[in-house]
Amino acid sequence: MAVALLRRKALTFLRHPLFIKLWLLPVWLLLGISKALILAVSFKRLAPRLGIHEGTAPWVPLLDRTQEARALAIGRVVRLAARYTPWESNCFPQAVAARLLLGLYRIPYVLYFGLARDAESGGMKAHAWVAAGRIRVTGGASFRQFTVVGCFVAPQLAAGRDSA
């Protein structure tokens, strides 16, 4: 039984595109580093590394087809790696990891933080997600469920907006 499962997992891995095969282990490690940073460093010190703070006005950058394809692949590899971490890789570590990869590939992104009232408990729920163009890199269709309370944009977007 275990051998059959291992064989099935290996065959599934081999069917993935080369980008995912190459980035799966580094992203898995990046999720761990992101989780550790979130737990060890205050948000005030972490926030400048997320991008340029743009308040609460949600906006989404436009991308070309190549950038959209790369953003889609980044989202896939982050979500795949998050499923296999022994620690909880919820929305925030995924958003940080996606932001770092998007920045590495110079793909414009916006990292959003949102809040919503939990219908069951009456308390508040927090969520983080990343969008790049039309691509929801991490976090799913969060605009419908959460009120945006903060946006961090790629530095090149803030620079382009300031010069316009």
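Residues numbered from 1 in each chain as written. Predicted model: local features only at pLDDT ≥ 70, side-chain atom pairs only at ≥ 80, totals over all residues. Heavy atoms only, no water.

A. Local environment of the overall build of the protein chain. A tally of helices and strands in the protein chain yields six helices and five strands. Along the protein chain, helices (α) and strands (β) appear in the sequence α-α-α-β-α-α-β-β-β-β-α when read from the amino end. Against the 2.2 N^0.38 benchmark of 15 Å for 164 residues, the protein chain shows a C-alpha radius of gyration of 17 Å, consistent with a compact globule. Seen along its three principal axes, the alpha-carbon backbone of the protein chain occupies a region of about 55 × 45 × 30 Å. Residues classed as buried in the protein chain amount to 41% of the 164 residues present. Within the protein chain, residue pairs in contact and separated by at least 24 positions form 74% of the contacts whose partners lie at least 6 positions apart. Approximately 9,900 Å² of the protein chain is accessible, and the part contributed by carbon and sulfur atoms is 61%. Here the protein chain contributes 22 positive and 7 negative side-chain charges, whose respective centroids are spaced 10 Å apart. (Helix = DSSP H or I, 4+ residues; strand = E, 2+ residues; numbered from the N terminus. Rg over C-alpha atoms; globule rule 2.2 N^0.38 Å. Buried < 20%, exposed > 50% of the residue type's maximum accessible area, 1.4 Å probe, protein only. Contact = heavy atoms within 4.5 Å. Areas by Shrake-Rupley, 256 points an atom, 1.4 Å probe, with all protein chains shown as cover. Lys, Arg positive; Asp, Glu negative; His and termini not counted. Charge placed at Lys NZ, Arg CZ, Asp CG, Glu CD.)

B. Up close: the pattern of salt bridges. Counted according to the given criterion, the structure contains one salt bridge. Across the salt bridge formed by R134 and E68, the nearest N and O atoms sit 2.8 Å from each other. In this pair, R134 is assigned in the loop between β3 (124-132) and β4 (135-138) and E68 in helix α4 (residues 65-83), connecting sequence segments 66 residues apart. In this structure R134 comes out as exposed when scored by relative accessible area, which is 68%. When its relative accessible area of 12% is taken as the criterion, E68 is described as buried. (Salt bridge = Lys/Arg side-chain N within 4 Å of Asp/Glu carboxyl O.)

C. Quick look at the sheet that holds β4. Pairing is antiparallel across the open sheet formed by five strands, whose spatial order is β1-β5-β2-β3-β4. This sheet does not close on itself; its edge strands, each paired only once, are β1 (52-53) and β4. As paired strands, β1 and strand β5 (residues 147-153) are joined by two bridges and run antiparallel to one another. Each residue of the ladder has a partner; that of I52, found in β5, is V153. Across the sheet, helix α5 (residues 91-104) touches β2 (110-117), β3 and β4, and the angle it forms with β3 is around 20°. (Pairing = 2+ DSSP bridges. Axes fitted to C-alpha atoms, helices over the stretch in contact; angles between N-to-C directions.)

D. Molecular detail of the pairing of β2. Extensive coverage of β2 is indicated by the burial of six of its eight residues. Where β2 and β3 come together, eight bridges link them in antiparallel fashion. Counterpart to L111 in the pairing with β3 is V130. In this antiparallel pair of consecutive strands, β2 and β3, the connection spans six residues, and G122 shows a positive phi of 80°.

E. Just the side chain of H127, in detail. For H127, the position within the fold is in strand β3. Polar contacts involving the side chain of H127 include one to the main-chain carbonyl oxygen of G139, which spans 3.1 Å. Dropping the residues within four chain positions of it, H127 is found in contact with C91, Y112, F113, G114, G139, S142 and F146. (Polar contact = N/O pair within 3.5 Å; in protein donor to acceptor, adjacent residues only side chain to side chain.)

F. Just the state of the cysteines, in detail. All chains considered together, the criterion is met by zero disulfides. Cysteine C91 is unpaired, with the sulfur of C151 as its nearest cysteine sulfur at 15 Å. Overall, C151 belongs to the buried group, its relative accessible area being 0%. (Disulfide = S-S within 2.5 Å.)

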